[in-house]
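# A structural walkthrough
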Amino acid sequence: NAGVTQTPKFQVLKTGQSMTLQCAQDMNHEYMSWYRQDPGMGLRLIHYSVGAGITDQGEVPNGYNVSRSTTEDFPLRLLSAAPSQTSVYFCASSSAGAGGNTEAFFGQGTRLTVV
Amino acid sequence: SQQGEEDPQALSIQEGENATMNCSYKTSINNLQWYRQNSGRGLVHLILIRSNEREKHSGRLRVTLDTSKKSSSLLITASRAADTASYFCAPTKAAGNKLTFGGGTRVLVKP
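Read on for an overview of the structure. These numbers were taken from a predicted model, which means no experiment stands behind them.

Grouped together as the largest cluster of nonpolar side chains are 21 residues, with contacts concentrated most on M21, L32, W34, L46, L74 and Y87 of chain B. Taken together, the elements giving at least two residues each to this core come down to β3 (19-24), β4 (31-37), β5 (44-50), β7 (61-66), β8 (71-76), β9 (85-92) and β10 (105-110) of chain B. Counting 19 residues, the second-largest nonpolar core is a separate cluster that includes M19, V60, V66 and F74 of chain A.

Encoded structure:
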């Protein structure tokens, strides 16, 4: 199994450009989330989804859009990139089974630089 | 907020020593999870302890949970250089399994 796959691994954007970070999982997980991690910091939740067609905001949603049209995919869109969005982005998925007592699986991250 | 706060922020030990780090949180939880992150890579799940459990073991890892004090500890015994990483706790409610993280504990194991 591939687990959680994020693409691209690295990206440089100019201020004002838009782009989509891709996240796909092959474990049929209901829950998917996007996080950002700034240097020396923990992960902050951007958006999450509890199933296809259902998304909600996390701690730092401004400047980002998500949609969940399939169980497998959860793309993160940057609408108009800003230098403050320079960060490492992680996608995660987990199962809704066992009453929510399940581990999350993380992708390897997308390192984004906005110049 | 469900976010856990890890303490200490950083820890430096010699190979073979034990490493202990703590996590405090503010709200009631369904479970608490610990994750490891090696040098900017994705987080890897270590252990999950349910709110009705007090202690759990996995290999060289021992986790305790005290819901009355809203705190948890992670003990790594007989540390190895490969244990050098950042460790994060995630206190979790069941609905949506939404994980939030603190700043983590950076552990350096010196050979």
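All names here are of chain A. In this structure the tally under the stated criterion is five salt bridges over all chains. Between D38 and R36 there is a salt bridge; the shortest N-O distance is 2.9 Å. Between R44 and D38 there is a salt bridge whose closest N-O contact spans 2.6 Å. We classify D38 as buried; its relative accessible area is 15%. Several salt bridges share partner residues, and in doing so they unite R36, D38 and R44 into one network.

Right, let's get into the state of the cysteines. Defined simply, a disulfide is a covalent bond joining two cysteines at their sulfur atoms. Under the criterion given, the structure shown has two disulfides over all chains. Between the sulfur atoms of C23 of chain A and its disulfide mate C91 of chain A the distance is 1.9 Å. An S-S torsion of about -70° defines the bridge between C23 of chain A and C91 of chain A as left-handed. One end of the pair, C23 of chain A, is in strand β3 (residues 19-25); the other, C91 of chain A, is in strand β9 (residues 87-94), with 68 residues separating them in the sequence. Note that C23 of chain B is cross-linked by a disulfide to C89 of chain B, the S-S spacing being 2.0 Å. Residues C23 of chain B and C89 of chain B are joined by a disulfide whose S-S torsion is about 70°; by sign, that bridge is right-handed. Residue C23 of chain B is located in strand β3, and its partner C89 of chain B is located in strand β9; the two are separated by 66 residues in the primary sequence.

With that out of the way, let us pick up the sheet that holds strand β1 (residues 5-7) of chain B. Residue and element names in this part refer to chain B. With respect to topology, five strands assemble into an open sheet ordered β1-β3-β8-β7-β6, the strand pairing being antiparallel. A single partner strand is all that each edge strand has here, and the edge strands are β1 and β6 (55-58). If you compare each strand with its neighbour and ignore which way they point, the axes differ by 20° on average. Alignment of β1 against β3, held across three bridges, turns out to be antiparallel. Counted as the bridge partner of E5 is S24 from β3.

Moving on, we get to the interface of chain B and chain A. If you look at the interface, chain B gives 24 residues, while chain A gives 23 residues. Interface of chain B and chain A: buried area, both sides summed, is about 1,900 Å²; carbon and sulfur atoms make up 48% of it. The tally of links between chain B and chain A comes to zero salt bridges. Taken together, chain B and chain A are joined by five residue pairs in polar contact (both at pLDDT 80 or more). Of all the secondary-structure elements, those providing two or more residues to the side of chain B that touches chain A are β4 and β5 of chain B. With four residues, β4 of chain B is the single largest residue contributor to the side of chain B that touches chain A. Residues belonging to the side of chain B that touches chain A are distributed by class as follows: seven nonpolar, 13 polar and four charged.

Rules and cut-offs
- Residues numbered from 1 in each chain as written.
- Chains lettered and ligands numbered in written order.
- Predicted model: local features only at pLDDT ≥ 70, side-chain atom pairs only at ≥ 80, totals over all residues.
- Heavy atoms only, no water.
- Core = buried A, V, L, I, M, F, W, Y, C linked by side-chain atoms within 4.5 Å.
- Buried < 20%, exposed > 50% of the residue type's maximum accessible area, 1.4 Å probe, protein only.
- Helix = DSSP H or I, 4+ residues; strand = E, 2+ residues; numbered from the N terminus.
- Salt bridge = Lys/Arg side-chain N within 4 Å of Asp/Glu carboxyl O.
- Disulfide = S-S within 2.5 Å.
- Pairing = 2+ DSSP bridges.
- Axes fitted to C-alpha atoms, helices over the stretch in contact; angles between N-to-C directions.
- Contact = heavy atoms within 4.5 Å.
- Buried area = accessible area lost by both parts, 1.4 Å probe.
- Polar contact = N/O pair within 3.5 Å; in protein donor to acceptor, adjacent residues only side chain to side chain.
- Nonpolar A, V, L, I, M, F, W, Y, C, P; charged D, E, K, R; others polar.

Limitation: the analysis is restricted to geometry and does not speak to function.
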